[in-house]
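The lines below spell out each chain.
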Amino acid sequence: TEQAIRIGYRHIDTAQMYDNERDVGEGVRASGKRSEVMVTTKVQPTNLAPHDLERSVKESLAKLRLDHIDLLLSHWPNPRVPLSETLDALAHVRKLGLCRHIGVSNFTVALMEEAVEKCPAPLVCNQVEYHPYLDQTKVLEACRQHDMALVAYSPIAKGRVRTDEVLARIGRAHGKSAAQVCLRWLVQQNVS
């Protein structure tokens, strides 16, 4: 994390289920650039009930050793916990100052529509897998409609774009790599 920040990364993404929040926090602090870095973490589905959510966010903050999380997401929907309860709990931890912004991750268009309708605070994004091999046009359009960012994970398809001949050919024509072509495509789509 520290090295990534040193070379220019300014959005660091982690999650409770990744079991690396402590290491991420250490890297952010060691960089000396906390005020320049946006830290995102995600609440795992087993912690989406209101009491569990607040407790787990406090645990994440303790592991990260930060005073707040910049962006807190519900990692995956949990069909056993009513969405409205999860959204109320997210809004509550935001109101407590434990995080600056809230959003969702891996939500379909239908779930996103329901979340926007039921959440008492603004949802700023939906983080989903997004790359040239997975059509997420409908999710992107729904995000735009609700003034939410679409945050891409696996934007270079877990490295698969490096061997894509079409992307490589485009890259050669412009003195860029296939991955750079893919990332430029994401920017043109206005995807974070």
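Shown above is the structure to which this text applies.
Residues numbered from 1 in each chain as written. Predicted model: local features only at pLDDT ≥ 70, side-chain atom pairs only at ≥ 80, totals over all residues. Heavy atoms only, no water.

Peer 1: Explain the overall build of the protein here, please?
Peer 2: The secondary structure content of the protein amounts to eight helices and six strands. The linear arrangement of helices and strands in the protein, starting from the amino end, is α-β-α-β-α-β-α-β-α-β-α-β-α-α. Against the globule reference of 16 Å for 192 residues, the protein gives a C-alpha radius of gyration of 17 Å, in line with a compact fold. Once the C-alpha set of the protein is aligned to its principal axes, its extents read approximately 55 × 40 × 25 Å. (Helix = DSSP H or I, 4+ residues; strand = E, 2+ residues; numbered from the N terminus. Rg over C-alpha atoms; globule rule 2.2 N^0.38 Å.)

Peer 1: For this particular structure, what's the right way to read the packing of helix 2 (residues 21-31) against helix 3 (residues 50-64)?
Peer 2: Helix-helix packing: each pair is described by the crossing angle between the helix axes and the interaxial distance. Running from N to C, helix 2 and helix 3 cross one another at 50°; their axes reach a closest spacing of 7 Å. It follows that helix 2 is oblique to helix 3 by the angle criterion. Between helix 2 and helix 3, the contacting residues are E21, R22, V24, G25 and R29 on the first element and S60, K63 and L64 on the second. Of the residues contributing to the contact of helix 2 with helix 3, the split by class is two nonpolar, two polar and four charged. (Axes fitted to C-alpha atoms, helices over the stretch in contact; angles between N-to-C directions. Parallel < 35°, antiparallel > 145°, perpendicular 65-115°, else oblique. Contact = heavy atoms within 4.5 Å. Nonpolar A, V, L, I, M, F, W, Y, C, P; charged D, E, K, R; others polar.)

Peer 1: In this structure, what is going on with the nonpolar core? I would like to understand it.
Peer 2: Where a protein is soluble and globular, its nonpolar side chains tend to be buried together. In this structure, L53, V57, L72, L123 and L150 are the most contacted members of the largest nonpolar core, which totals 43 residues. A per-element tally of this core places helix 4 (residues 83-95) first, with six residues. Those residues in contact with L150, other than ones at most four positions away along the chain, are N126, V128, Y130, V139, L140, C143, V191 and S192. With seven residues, the next largest nonpolar core counts A157, V161, A178 and V181 among its residues. (Core = buried A, V, L, I, M, F, W, Y, C linked by side-chain atoms within 4.5 Å. Buried < 20%, exposed > 50% of the residue type's maximum accessible area, 1.4 Å probe, protein only.)

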